[in-house]
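# A closer look at the structure
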Amino acid sequence: MRAGPALLDRIAAIAEDAGRAILRHYRSGVAVERKADSSPVTIADREAEALILRALQAIDPAVPAIAEEASAAGAAPAEGGERFWLVDPLDGTREFLGETDEFTVNIALIEDGVPVLGAVHAPALGETYGGLAPGAAWRSRRGGAREAISARTVPAEGPVVLSSRRHGDRARLAQLLAGMNVSAHRIVGSSLKFCLLAAGEGDLYPRYGETNEWDTAAGDAVLRAAGGGVRTTGGAPLAYGKPGFLNPEFIARGRDRS
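Worth saying up front: this structure is predicted, and the values here are computed from it rather than measured. (Residues numbered from 1 in each chain as written. Predicted model: local features only at pLDDT ≥ 70, side-chain atom pairs only at ≥ 80, totals over all residues. Heavy atoms only, no water.)

### Considerations on the overall build of the protein
The helix and strand inventory of the protein stands at seven helices and 16 strands. Radius of gyration (C-alpha) of the protein: 17 Å, near the 18 Å computed for a compact globule of 258 residues. Each principal axis of the C-alpha atoms in the protein carries an extent, and together these give about 45 × 40 × 40 Å. Within the protein, the fraction of its 258 residues that count as buried is 54%. A total of about 10,800 Å² of accessible surface is found on the protein, and carbon and sulfur atoms cover 50% of it. (Helix = DSSP H or I, 4+ residues; strand = E, 2+ residues; numbered from the N terminus. Rg over C-alpha atoms; globule rule 2.2 N^0.38 Å. Buried < 20%, exposed > 50% of the residue type's maximum accessible area, 1.4 Å probe, protein only. Areas by Shrake-Rupley, 256 points an atom, 1.4 Å probe, with all protein chains shown as cover.)

### Details of the sheet that holds strand 4 (residues 83-91)
Pairing within the open sheet is mixed, and its seven strands lie in the order 3-4-5-6-7-8-9. Each end of this open sheet is capped by a strand with a single partner; those strands are strand 3 (65-67) and strand 9 (147-148). Across seven bridges, the pairing between strand 4 and strand 5 (residues 104-111) is antiparallel. Paired with Asp88 across the strands is Asn106, a residue of strand 5. Helix 1 (residues 5-23) contacts strand 4, strand 5, strand 6 (114-122), strand 7 (127-132) and strand 8 (136-141) of the sheet and is inclined by roughly 35 degrees relative to strand 6. Of the strands in this sheet, strand 3, strand 4, strand 5, strand 6, strand 7 and strand 8 are in contact with helix 7 (residues 213-225), which crosses strand 6 at around 100 degrees. (Pairing = 2+ DSSP bridges. Contact = heavy atoms within 4.5 Å. Axes fitted to C-alpha atoms, helices over the stretch in contact; angles between N-to-C directions.)

### A look at the layout of surface pockets
A probe matching the size of a water molecule, rolled over the atoms, marks out where space remains unfilled. Of the voids in this model, the largest pocket is the one considered here, and its volume is about 940 Å³. Lining the largest pocket are 46 residues, with Asp37, Glu68, Asn212, Trp214 and Asp215 sitting closest to its centre. Elements supplying a minimum of two residues to the lining of the largest pocket: helix 2 (43-59), helix 3 (68-72), strand 4, helix 4 (93-98), helix 6 (192-198), strand 12 (204-207), strand 13 (211-212) and helix 7. With four residues, helix 3 is the largest single contributor of residues to the lining of the largest pocket. Here the residues of the lining of the largest pocket sort into 15 nonpolar, 15 polar and 16 charged. (1 Å grid on protein atoms, 1.4 Å probe; cavity = no way out; pocket = protein on both sides within 12 Å on 5 of 7 lines; lining within 4 Å. Points joined across faces, edges and corners; volume = space filled by probe spheres on them. Nonpolar A, V, L, I, M, F, W, Y, C, P; charged D, E, K, R; others polar.)

### As for the packing of aromatic side chains
Any aromatic ring pair is given by two values, namely how distant the centres are and how the planes are angled relative to each other. This structure, assessed with the given rule, holds seven aromatic pairs. On the numbers, 5.3 Å between centres and 85 degrees between planes, the contact of Phe96 with Phe103 is edge-to-face. For the pair formed by Phe96 and Phe103, the shared burial category is buried. Ring-pair connections join several aromatic residues into one group, and the members of that group are Tyr26, Phe96 and Phe103. We note Arg146 situated over the ring of Trp138; from NZ or CZ to the ring centre the distance is 3.8 Å. Lying over the aromatic face of Tyr240, Lys242 brings its terminal NZ or CZ to 5.2 Å of the ring centre. (Phe/Tyr/Trp six-rings, centres within 6.5 Å; stacked < 30°, edge-to-face > 60°. Lys NZ or Arg CZ within 6 Å of the ring centre and 35° of its normal.)

### Notes on the pairing of strand 5
Judged by how many residues are buried, strand 5 sits mostly within the fold: seven of eight residues are covered. Pairing geometry for strand 5 and strand 6, over seven bridges, is antiparallel. From the neighbouring strand, Glu111 faces strand 6, where its bridge partner is Val114. Connecting strand 5 to the next strand, strand 6, in antiparallel fashion are two residues, including Asp112 with a positive phi near 50 degrees.

### Quick word on the side chain of Ser140
By the element assignment, Ser140 lies in strand 8. Those residues in contact with Ser140 that lie beyond four places of it in its chain are Glu16, Gly126, Glu127, Thr128, Ala145 and Arg146.

Below is the structure:
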C-alpha cells in the first residue's frame, strides 16, 4: 500500500461513502448519546466509523486505524506506530445536530508522525478535499471535476482569520487578533477551516485548547499538500502518534513560515 494518487482516490471514495451514510440521518431528529467526556455521539457517527474501518481493513489489514468512537470506547490501539490511519467519522457532531452543514468526514494516513495523505469530505456541502505529500492538493464540488488548490500568502489588506463556532479560548483569540491588521474573521465548523486555508480562502486558524489527532490529521494533510502548515504555539510542526493522541495548541497557516 503506497501513499500515492490511487490510494488517495480510494480514501476519498470511502469518505464520500461514509458521508452518504451520515446524510441518511441528517435533519431527522436523531437520538443523541453522551460519551464519558460529555461530547455528543449519534448513530451517524457510529455507522460512518464502522463503514470506514471495514474499508481500511480491506485495503491493508496490517495498518492499524485509530478512530474517534473506538478510542472513546477503549477499543482502539494505544498507539499507532510508524504507519497508521487516523479517522474522525463525523467531525463536528454539534454542527451536524445544529444543522449548519459544516461537518466533515476525515481520513488520514500517518507515516513517521507526518500526515502524508488525507481526505476531507463535507457531505451536506457536497465538497471533497484531497491532499498528498508533497504538493498535490485538490477540491471537488457536487461531484464535479477536481480542481487543484493552493494556499496563499497573506494579502496586503491583512489575513482572513478562521475560528471555531463552539471551541477554543475566545479571550486569547481576541488578544491575538487585537495585534493584527485582520481583514476578516470567519466562524467555520469542523476541519473545513484547514480546507479553506488550503484553498486560499483564509490565512490563519489559531486553535487554543485541546484537540485530538483525528480532529486535525486529514485537514493537516490537505493543508500541507497545498503549501500551508500547522505548527504548535512553540513553533514546531504538529506531529502525530503522540501519547493519548492529544494535540497541543497550534496555529494553522496558509503559506507556512520557514
